[in-house]
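A look at the structure
For reference, the chains in residue letters:
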Amino acid sequence: MKTIFIFFCMIFCALVSFNSDSCATIINVPAQHATIQAAVNASADSDTVLVQPGTYFENINFRGKNIVLTSLFYQINNYSYIQTTIIDGSNPVFPDSASCVIFSNHEDSTTVLQGFTLTGGTGTKWQDEHGAGRFREGGGILVAYSSPVIQFNIISGNNAVTGGVVSTGGGGIRIGDSYVRFNNNVVMNNTGRYGAGIVLNYTGGEYKNNLICKNFGSLDFGAGSGIWLNGSFHREILIENNTIASNSSNSGTPGVYSFGGARGTLRNNIIWGNHGGNTSQITGSLLVVSYCDVQGGWNGAGNMNIDPEFDSTNYYLKNTSPAIDKGDSSLIYNDPENSANPGQALLPALGTVRNDLGTYGGPLSKVISNTVVSVNNINSVSNPEGFKLYQNYPNPFNPTTNLEFGISELGLVNLKVYNVLGNEVAVLVNENLSPGTYNVKWNSSGFTSGIYYYTLKSGEKLETKKMLLIK
């Protein structure tokens, strides 16, 4: 990969030398510039800013530069560079400009951001372009009037927080009046009062093969903790081969929420296990949804409502998953082929070359990170104000259901399941936990149909709820 990249640069330099004395260069951080922003400021269009592993406490603004900003990931696709090259936006020079990365000066499609972990951003105070007032948006990334390519990043632990604004949104990323190609990213554990994961405001774009999970806390404007869409735009929103799962909201729709004339095409996605609020996976009459696995179902060609059977990490599919080979059968959506086994998909896609639903299917199927994202284990997703046991979902269920609870103090926590006779049949949690909201899955295979009770105990606090298993 490095050899190809260098060869490309040589050819490019040879071509431009007929008309210019300059050539695109590689600017190294920290060897040539101690900070990423200094390197960006020193760059010219077509340059590459190459960042060595490390944590950079910065808030980057591309300032109209059409450049490639990348970690060493590009050289040999070593995913460890994504985890170890970190832009931490938690220490901004100007608190009102606290996004990790900003594109707001008409950067075009030759502009690339890839190979980073973006964390700690708290968003930028931003006057809404369409007259809705002043908002704080884009904890991880803010995009306006621009068309960058954003790929192979982990956008995690960003918070669009309140403070002298109408509301806050796009904890992970906010995109408005733009056309972004947003592919092969992980967007998780971000929060905002709407669109905790992704906000798409009067915008177009291609959003493919992303893992959008465990974003939480949305409660304004319909919520949309996974993806929030608003307003019509002259170019299409294409949401294809994503896994949108385990996002939670305090009200409204926890999955994908669309209003205000926003139109979008959702194809070959898995939208499952998003919870809280009204528990809806999708809300939006103008969305065209096809060949998607949607919990609770959704009208459209090829859609299904079947547990996708995620593996225990990173939302990969199990070999038994019903989502394998269930995407749109048109050849343009095929998974990459395994050259050693013609007709079969190349990992991480499974089965034949017909499209697999979710993050790891389709033409852009790639491993997108080697960070571990837990699926079946207990997952902390937010910070509650107190002790709380939530109703399981789905309910009734067969054979698996999710149990969510919140604790406000560090201590020993027990979560147990009992049958109607009061006999303990399963211990799901028995360990010391920090304050937070947690989610655990119970697989009832081997149990008979009927009513079961689940009880949460933390210190002197105790709460019980009822659930129904139907086989």
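Reading the values: the criteria
Residues numbered from 1 in each chain as written. Predicted model: local features only at pLDDT ≥ 70, side-chain atom pairs only at ≥ 80, totals over all residues. Heavy atoms only, no water. Helix = DSSP H or I, 4+ residues; strand = E, 2+ residues; numbered from the N terminus. Buried < 20%, exposed > 50% of the residue type's maximum accessible area, 1.4 Å probe, protein only. Core = buried A, V, L, I, M, F, W, Y, C linked by side-chain atoms within 4.5 Å. Contact = heavy atoms within 4.5 Å. pLDDT = per-residue confidence, 0-100. Disulfide = S-S within 2.5 Å. Salt bridge = Lys/Arg side-chain N within 4 Å of Asp/Glu carboxyl O. Pairing = 2+ DSSP bridges.

Omega for the peptide link from Asn395 to Pro396 comes to 0°, which places this bond in the cis form. Here Pro396 shows up in the loop between strand 36 (388-389) and strand 37 (400-407). The phi angle at Tyr315 is positive, at roughly 60°, despite the residue not being glycine. Structurally, Tyr315 is set in the loop between strand 34 (293-294) and strand 35 (379-382). Of the residues examined, Tyr315 reaches a relative accessible area of 1% and is grouped as buried.

Ranked by internal contacts, the top residues of the largest apolar core, which has 46 residues, are Val101 and Ile141. Looking at this core, the element that brings in the most residues is helix 2 (residues 36-42), giving three residues. Residue contacts for Ile141: discarding those within four places in its chain leaves Val101, Phe103, Leu113, Leu118, Ile150, Ile155, Gly172, Ile173 and Arg174. Listed in part, the 23 residues of the second largest apolar core include Cys213, Leu317, Ala323 and Leu357.

With that settled, consider the confidence of the model for the chain. The predicted coordinates ought not to be read in detail in places where the model reports low pLDDT. Model confidence for the chain is summarised by a mean pLDDT of 89, while 92% of its residues fall at 70 or above. With pLDDT under 50 throughout, residues 1-21 is counted as low confidence; its partners more than four residues away or in other chains account for 14 contacts. Scored below 50 in pLDDT, residues 376-385 makes 33 contacts in the model with residues more than four places away or belonging to other chains.

So, on to the state of the cysteines. Under the definition given, this model contains zero disulfides. With no disulfide of its own, Cys292 has Cys213 as its nearest cysteine by sulfur position, at a separation of 17 Å.

This part takes up the pattern of salt bridges. Under the counting rule described, the total for this entry stands at eight salt bridges. Close ionic contact of Arg193 with Asp220 constitutes a salt bridge, the shortest N to O distance being 2.9 Å. Within this pair, whereas Arg193 is found in the loop between strand 19 (186-188) and strand 20 (198-201), its partner Asp220 is found in the loop between strand 23 (216-218) and strand 24 (227-230), the two being separated by 27 residues in sequence. Here Asp220 falls in the buried class, since its relative accessible area comes to 15%. When the shortest N-O distance is used, the salt bridge between Glu424 and Lys416 registers 3.5 Å. The class of Glu424 is partly exposed, set by a relative accessible area of 43%.

The next point concerns the pairing of strand 37. Summarising burial for strand 37: eight of the eight residues are buried, a large majority. Here two bridges tie strand 36 to strand 37, and the two strands are oriented antiparallel to one another. From the neighbouring strand, Lys388 faces strand 37, where its bridge partner is Gly406.

If you walk across this open sheet you meet the four strands as 7-11-12-16, and the pairing is mixed. Bordering the open sheet on either side are strand 7 (97-98) and strand 16 (168-169), each of which pairs with just one other strand. When strand 7 meets strand 11 (residues 123-127), the two strands line up antiparallel, connected through two bridges. Looking at the pairing, Ser97 lines up with Thr124 of strand 11.

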